[in-house]
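Given next are the chains, with one letter for each unit.
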Amino acid sequence: MTADTYLAPKRLDEALEALRGGEATILAGGTDLMVQSQSGKTPIGPKLVNIRRIAGLAGVVRADGEIHIGALTTIAELLEHELVRTHLPSLAEACDHFASSQIRNAGTLGGNVCNASPAGDTLVPLLALGASVELAAKPDAAVTTRAMPLGEFIVGPGKTQRKPAELLTAIRIPVPAAGGVQRFFKFGTRPALDIAAISLGLVTVKEGGVLRHVRLALGAVAPVPMRGVRAESMLEGRRLDPALIEAAAAAARDEVRPISDVRASDWYRRELVRNMVKRMLTDVSQS
Amino acid sequence: MGIAPEAQVETVAPHEARAPSSPKQVAKDSLIGKRIAKLDAPDKASGKTRYIHDMDLPGQLYGKILRSSRVHARIVRIDTSRARRLPGVHAVITAADVPYQRPLGVGKDHLPLKSDRVRSPRDEIAAVAADSPEIAAAALKLIEVEYEDLPPVFDAAAALEPGAPVLHEGKPDNIAMTFDYSHGDIARGEAESDVVIEDTFRLHYVTHCCMGVSGVIADFDASGSLTLYSQTQVPFLHKREFAEVLGIDPGRIRIIQPPIGGGFGSKLDIYPFEPIAIFLARATKRPVKLVYTREEEFAVSPTRQPVVLRLRSGAKKDGTLTFREVETLHDNGAYTSWGATTPFVIMQTISSLYRVPHCKYHTSAVYTNNPYAGSFRGYGNLQGTFAVESHMDKLAEALGMDPLEFRLQNAQEPGEVTGQGMHFKSCGFKDCLRTAAGRSDFQRKHREYRAAQAKSGRYKRGVGIASMLHVGGGAKIYPSDGCGTILKIDDFAHVTVMTGASEIGQGSETVIAQLVCEELGVPLDAVTVVNNDTDITPWDVGVHASRTTFIAGNSAIGAARKAREKVMAAAAKAIGYDAAALDLRQGMIVRAADGESIMPLAKLLRSLHFSDKAELVMTTHYYEPPSQHQDKGFKGDVSAAYAWASQVIEVEVDTETGIVRMRNVWGAHDVGRVLNRLGIEGQVEGGVVMGQGYALTEELIVERGVTRNPAFRDYKLVTAPEIPEMDITFIETMDGEGPQGAKGVGEAPAICIAAATANAIYNATGVRIYRLPFTPENVYRALREGGSKK
């Protein structure tokens, strides 16, 4: 698992040049990479590029109606950040249930996104919040960037649309409407240090009791974090009542595609999706 | 040198510096029952303790083991030539390279290096010694093994079917071990019964999760004598076992135990990695260290034994138990370790926890291609108690009785000799029941929670009670259950106690020191306990059966009393007093009547030593408990004392997720007497959490012989926020044979937890679950299905 070359650039353009050949492994917090390289799942390439020292890739700012989160922002920083706590409480909640303090101090948001685990804790609220990712590359003299919605970026377990020469530099989230509703729920088998068996994120706006802009995201129930589009469309423009809640929860249960593994069976994951969507919507209807 | 001994010692005697210069009253100062920090705590807390993982010997090599990639197969060919050529590799060995090896373990069915056949994916095929663990690991990848698969069997019942694959020659029926026990007449018991119930209970795989993974260092000297740095719980018996497996003289094996990072029964047997490290050390003429990875620890170490237990129980209308009939099927795995003998303990709970006039028990441990089962704290009793106490609740309900009253009616009392021949000389069982129930308000809660079952609501509360009987004065499973002590007091009144009993974190070292202080009237810091070197310490049968405080404690007391007699006789002679009029307090010889100090103990010892008839105070004592080796029918008073406990658990069940939250545990433990209050609280709290893991979260998931979750990520130990509030009461019955009245407690606190939790879940939801663990998914499924019998 040893690399031939180790680089720790201080500037983004240097990092992008280092990635150009496409044989690089990117190291940020290392909380996934170290474990996966030890187990042989992610062999470290000939070149190990530590991006941790690049200036300007960390931090949270608000600009142009968006909240812009640098890829190197740690989970612990997100959890404490005023902008996140104020505007993105569901993301803050996910960060609070994220692994342990030690991992939260080292792990980065960019790393969690690029790891693309179906159970990735931040991915569910980010998907519900309509986040997009920003990618940079330096094919020649100039740095180029592109952006795409998170839902398109992640294509399979551990698989993204990031090209080998690209670096994920930021996550951008439209500032949610004031008075909007955000919920996050993670189910592990214990209250701490657990991987989600399922997770749910809900972002919506309640206008005079009517739900608008409903986005329901579900984690650990498909190869990628997914939207519950059928449940969303049932809820969109409607007023919550027990029958609607029951029907939407059943729709969410039926549209997820979970697997059975050592953490939970597919049946149990579906049951949890229904029960917890129902619980979440009931809570929203009463708030 | 020219310095007179007396002059030399006068300048350095610390106890005298503290001693009063003029006559003064010295108070009697007992440590019994006090809160004493463990003697090894400062080093452990500050990171100074040198575990085997921290030890390196000069010239040491690192060993690694190649294990089978098949579940059940014939080994056709092994090619180690590429591995041997890797730079940094000093030896590659297979069965063919070892001149002599014999099967090890309880069943003597387990060769360290497999020669022609593997029976589970943990099986050892080859081993490497290299300059670093990384080189050794790389070398393993260069070993080529060709297999020819054999049909596997993964289910104990299937292994008993005619035509099932046979795992071991000479065992055509795959039965590794059977036990049969009976007393009374089952048919008569059944005829007298007004209520008869029958259920099948299924118990799962769990493993010990010692913080210190398994490891050993083997080192031969130039004359061929072997020193093993080992984590064993059983150093003296294992000397003999190593000698048999390796074909060497047991007299030339020395076992030194560096501080052990957790045992819990896991180090009660020897395992192939130990002889393999010895083979490598012999082949390379270098010390070889072989330490498991955490994944190895999970995947290849023996487990708690999974059991299918069918139980029939009967009772009369008036609430008297009539009979119990039990049949158990134990998945032995591919080899026989102590797991196969756990029915011996299950049997005690079946026959003797409550008064049962008629009892019958049949059990088989059956070979499969699964991981093999070893010994684990509680030793079958968690499994047996789960079944018996679930049935006690069911019988009470069938009879319309309160579950506490029903238990009190059938509970054992002091003086009882059970059908199995166990004699309960001290027995605080009824006190335990009343205390745990009283402190938890069990009866009121039980009624109210049951009445609330039908109400709607996501969360349901419930309480459950369960009790346990376990050996508390050793267990005479060998012809002897003894322990030796050598004690010396030096010129400065410092006492060194050499005991055969090993310290595995249970706190025996501290308790032994306390007991010696009590006899010799010296402060705790004047005692050193040496307990980890077979060339120094006297014989003992090992850490098991919650025996160490009782057996080693009595042995240490015996040696200390002999030393005291010697000291008192010398003091009487020196001072001209009657020995009976003297006492030892705080390192001083005092007048017994009023405590007036007469002379420092150290001074007396020096005057004994540096006299014409020079004499040292050194004593030995061997303690053999007054217990019986059971007869062929498993009858006899196997322990010198018996421990009792009752635990009440309150749970909250989330009916939408199946999460069972353990809110409270009220425990009442008959421990004879509390010796070290801090130590015993730690034992009980730790045991409760271990029992909680067994009940709620822990499961080694084995699919087709392969452990699927060999890591803490997916093997769920209980974490801090899940630990319940605990209210622990100690019932002090002052056992007549126990050291200062104490009985063993090491295993007791883990035993009832699963049983009490099952009863609490039933009280909360009206659904009884017959299989462990109560993970959220298992509980949720049971709630949906309205209970799961199978």
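What you see is a predicted model, and the numbers here were worked out from it, not measured in a lab.

Q: Hey, could you run me through the overall build of chain B in this one?
A: In terms of regular secondary structure, chain B is built from 22 helices and 28 strands. The C-alpha radius of gyration computed for chain B amounts to 28 Å, which stays within 12% of the reference 28 Å derived for 790 residues, consistent with globular compactness. Projected onto its principal axes, the C-alpha coordinates of chain B cover approximately 85 × 75 × 50 Å. Put simply, 80% of the contacts in chain B that link residues at least 6 apart link residues at least 24 apart. Approximately 28600 Å² of chain B is accessible, and the part contributed by carbon and sulfur atoms is 52%. With 90 positive and 96 negative side-chain charges, chain B shows a separation of 2 Å between the mean positions of the two kinds.

Q: How should the nonpolar core be read in this particular structure?
A: As a rule of thumb, soluble globular proteins bury nonpolar side chains together. Residue and element names in this part refer to chain B. One finds Trp644 and Phe774 to be the most contacted residues of the largest nonpolar core, which totals 111 residues. Shared between two domains, this core holds at least three residues of each, these being domain 2 (58-150 + 213-260 + 267-300) and domain 3 (307-475 + 631-785). Discounting residues that sit within four places of it in the chain, Phe774 has contacts with Phe386, Val660, Ala695, Leu696, Ala754, Thr757, Ala758, Ile761, Ile769 and Val779. Membership of the second largest hydrophobic core comes to 45 residues, among which are Ala156, Phe242, Phe279 and Tyr292.

Q: For this particular structure, what's the right way to read the side chain of Asn759(B)?
A: Of note, Asn759(B) is situated in helix H21 (residues 753-765). Apart from residues lying up to four places away in sequence, Asn759(B) is in contact with Glu389(B), Ser390(B), Asp393(B), Arg407(B), Val463(B), Gly464(B), Ile465(B) and Arg768(B).

Q: What is the right way to look at the state of the cysteines in this model?
A: In protein structure, a disulfide is the covalent linkage between the sulfur atoms of two cysteines. All chains considered together, the criterion is met by zero disulfides over all chains. Left without a disulfide partner, Cys359(B) is nearest to the cysteine sulfur of Cys427(B), which lies 17 Å away.

Q: I tried to follow the confidence of the model for chain B on my own but got confused; where do I start?
A: In low-pLDDT segments, the atomic positions of the prediction should not be examined closely. The predicted model of chain B has a mean per-residue pLDDT of 95, with 97% of residues at 70 or higher. Note that pLDDT drops below 50 for residues 1-21 of chain B; the model gives that stretch 23 contacts with residues more than four away or on any other chain.

Q: Teacher, can you tell me more about the environment of Pro343(B) here?
A: Residues and elements named next belong to chain B. Within the secondary structure, Pro343 sits in helix H11 (residues 343-352). Pro343 sits in the buried class, given a relative accessible area of 1%. Separated by 164 residues in the primary sequence, Pro343 and Phe179 place their C-alpha atoms 7.2 Å from one another. Each residue touching Pro343, except ones within four places of it in the same chain, is listed here: Phe179, His330, Tyr361 and Thr363.

Q: Looking at this structure, how should I read the packing of helix H19 (residues 677-697) of chain B against H21(B)?
A: Helix-helix packing is described using two parameters, namely the angle between the two axes and the distance between the axes. All names here are of chain B. The N-to-C vectors of H19 and H21 enclose an angle of 55°; their axes lie 8 Å apart at closest approach. Between H19 and H21, the angle is such that the two are oblique. Considering how the two elements wind past one another, H19 and H21 form a crossing that is right-handed. Every residue of H21 that contacts H19 at Val688, Gly691, Gln692, Tyr694, Ala695 and Leu696 is listed here: Ile753, Ala754 and Thr757.

Q: How should I be thinking about the domain arrangement of chain A in this particular structure?
A: Often the size quoted for an interface is simply the accessible area lost on bringing the parts together. Domain boundaries assigned for chain A yield domain 1 (5-50), domain 2 (60-174) and domain 3 (181-286). Taking only C-alpha atoms, the centre of domain 1 of chain A and the centre of domain 3 of chain A are 36 Å apart.

Q: Could you clarify how one ought to interpret the pairing of strand S3 (residues 47-50) of chain A in this entry?
A: On any regular strand, side chains alternate: one points to one face of the sheet, the next to the other face. All names here are of chain A. Taken together, the three bridges between strand S1 (residues 5-7) and S3 define a ladder with parallel strand orientation. Residue pairing in the sheet places Tyr6 in a bridge with Leu48 of S3. Summarising the sheet, strand S2 (residues 24-27) and S3 pair through four bridges and their orientation is parallel. When the sheet's bridge partners are listed, Ala24 is paired in S3 with Lys47. One crossover worth recording links S2 to the parallel S3 by way of helix H2 (residues 33-39), and it is right-handed.

Q: Explanation requested: the interface of chain A and chain B in the structure shown.
A: With 20 residues of chain A at the contact, the number on the chain B side is 19 residues. In total, chain A and chain B occlude about 1800 Å² of area from one another, counting both sides; carbon and sulfur atoms represent 57% of this. Looking only at chain A, the three residues that lose the most surface to chain B are Arg190(A), Val262(A) and Trp267(A), adding up to 32% of its buried area. Where chain A meets chain B, there are four salt bridges. When the shortest N-O distance is used, the salt bridge between Asp714(B) and Arg263(A) registers 2.9 Å. Our enumeration of links across chain A and chain B arrives at 10 residue pairs in polar contact (both at pLDDT 80 or more). At eight residues, the largest contribution of residues to the side of chain A that touches chain B is made by helix H12 (residues 266-286) of chain A.

Q: How should the side chain of Asn554(B) be read in this particular structure?
A: Residues and elements named next belong to chain B. Structurally, the position occupied by Asn554 is in helix H17 (residues 548-575). In terms of polar contacts, Asn554 uses its side chain to reach the side chain of Tyr623, at 3.3 Å. The contact partners of Asn554, leaving out residues within four places of it in the chain, are Thr549, His621, Tyr623, Glu737, Gly738 and Pro739.

Q: Can you help me understand the packing of aromatic side chains in this one?
A: Pairs of aromatic rings are described using the distance from one ring centre to the other and the angle between the two planes. All names here are of chain B. All told, the structure shown has 15 aromatic pairs over all chains when counted by the stated rule. Geometrically, the ring pair formed by Phe201 and Tyr770 is tilted, given 5.5 Å between the ring centres and 55° between the ring planes. Residue Phe201 is located in strand S8 (residues 195-203), and its partner Tyr770 is located in the loop between H21 and helix H22 (776-785); the two are separated by 569 residues in the primary sequence. Exposure remark for Phe201: the relative accessible area of 0% places this residue in the buried category. Overall, the relative accessible area of 6% leaves Tyr770 in the buried class. Taken together, a centroid distance of 5.5 Å and an interplanar angle of 50° make the contact between Tyr354 and Phe429 tilted. Here Phe429 lies in helix H14 (residues 429-440) and Tyr354 lies in the loop between H11 and strand S15 (358-367), a separation of 75 residues in the sequence. An aromatic cluster is built from Tyr354, Phe424, Phe429, Tyr642 and Trp644, whose rings are joined through pairwise contacts. Taking NZ or CZ as reference, Lys114 lies 5.3 Å from the ring centre of Tyr335, over its face. The positively charged end of Arg768 is found above the aromatic ring belonging to Tyr762, 4.5 Å away from the centroid.

Q: What should I look at first to understand H21(B) in this one?
A: In an α-helix there are 3.6 residues to a turn, and that puts residues three or four apart on one side. Residue and element names in this part refer to chain B. Along its 13 residues, H21 runs 18 Å from first to last C-alpha, staying within 8% of the 18 Å computed at 1.5 Å per residue. H21 sits mainly inside the fold: 12 of its 13 residues count as buried. Among the residues of H21, those classed as buried are Ile753, Ala754, Ala755, Ala756, Thr757, Ala758, Asn759, Ala760, Ile761, Asn763, Ala764 and Thr765.

Q: Before we go on, may I ask you to explain the domain arrangement of chain B in this structure?
A: Residues and elements named next belong to chain B. Each assigned domain of chain B is listed with its residue range as follows: domain 1 (5-30 + 482-623), domain 2 (58-150 + 213-260 + 267-300) and domain 3 (307-475 + 631-785). Computed over C-alpha atoms, the centres of domain 2 and domain 3 are 37 Å apart. Of the residues lining the interface, 22 residues belong to domain 2; the matching set on domain 3 comes to 22 residues. For domain 2, the biggest contributors to the area lost against domain 3 are Val106, Asp109 and Phe298; these three give 35% of the whole. Inspection of the region where domain 2 meets domain 3 yields zero salt bridges. There are eight residue pairs in polar contact (both at pLDDT 80 or more) connecting domain 2 and domain 3. Split by residue class, the side of domain 2 that touches domain 3 holds nine nonpolar, five polar and eight charged.

Q: Is there a simple way to think about the pattern of salt bridges in this case?
A: Oppositely charged side chains may form a pair once their charged atoms are brought near each other. All names here are of chain B. Applying the stated criterion to the full structure yields 72 salt bridges over all chains. Close ionic contact of Glu144 with Arg77 constitutes a salt bridge, the shortest N to O distance being 3.9 Å. You can see Glu144 sitting in strand S6 (residues 144-149) and its partner Arg77 sitting in strand S2 (residues 73-79), a full 67 residues away along the chain. On the accessibility criterion, Glu144 (30% relative accessible area) is partly exposed. When its relative accessible area of 38% is taken as the criterion, Arg77 is described as partly exposed. The salt bridge partner of Lys430 is Glu413, with a shortest N-O separation of 2.6 Å. Separated by 17 residues along the polypeptide, Lys430 in helix H14 and Glu413 in the loop between helix H13 (403-410) and H14 bring together distant segments of the chain. Of the residues examined, Lys430 reaches a relative accessible area of 18% and is grouped as buried. Ionic contacts of the salt-bridge type, sharing partners, join the residues Arg67, Lys114, Arg122, Asp123, Glu124 and Glu296 into one network.

Reading guide: rules and limits
- Residues numbered from 1 in each chain as written.
- Chains lettered and ligands numbered in written order.
- Predicted model: local features only at pLDDT ≥ 70, side-chain atom pairs only at ≥ 80, totals over all residues.
- Heavy atoms only, no water.
- Helix = DSSP H or I, 4+ residues; strand = E, 2+ residues; numbered from the N terminus.
- Rg over C-alpha atoms; globule rule 2.2 N^0.38 Å.
- Contact = heavy atoms within 4.5 Å.
- Areas by Shrake-Rupley, 256 points an atom, 1.4 Å probe, with all protein chains shown as cover.
- Lys, Arg positive; Asp, Glu negative; His and termini not counted.
- Charge placed at Lys NZ, Arg CZ, Asp CG, Glu CD.
- Core = buried A, V, L, I, M, F, W, Y, C linked by side-chain atoms within 4.5 Å.
- Buried < 20%, exposed > 50% of the residue type's maximum accessible area, 1.4 Å probe, protein only.
- Domains from an automatic or database assignment.
- Disulfide = S-S within 2.5 Å.
- pLDDT = per-residue confidence, 0-100.
- Axes fitted to C-alpha atoms, helices over the stretch in contact; angles between N-to-C directions.
- Parallel < 35°, antiparallel > 145°, perpendicular 65-115°, else oblique.
- Left-handed = near helix turned anticlockwise from the far one by under 90°.
- Pairing = 2+ DSSP bridges.
- Right-handed = clockwise from strand over helix to strand, strands pointing away.
- Buried area = accessible area lost by both parts, 1.4 Å probe.
- Salt bridge = Lys/Arg side-chain N within 4 Å of Asp/Glu carboxyl O.
- Polar contact = N/O pair within 3.5 Å; in protein donor to acceptor, adjacent residues only side chain to side chain.
- Phe/Tyr/Trp six-rings, centres within 6.5 Å; stacked < 30°, edge-to-face > 60°.
- Lys NZ or Arg CZ within 6 Å of the ring centre and 35° of its normal.
- Expected span 1.5 Å × (residues − 1).
- Nonpolar A, V, L, I, M, F, W, Y, C, P; charged D, E, K, R; others polar.

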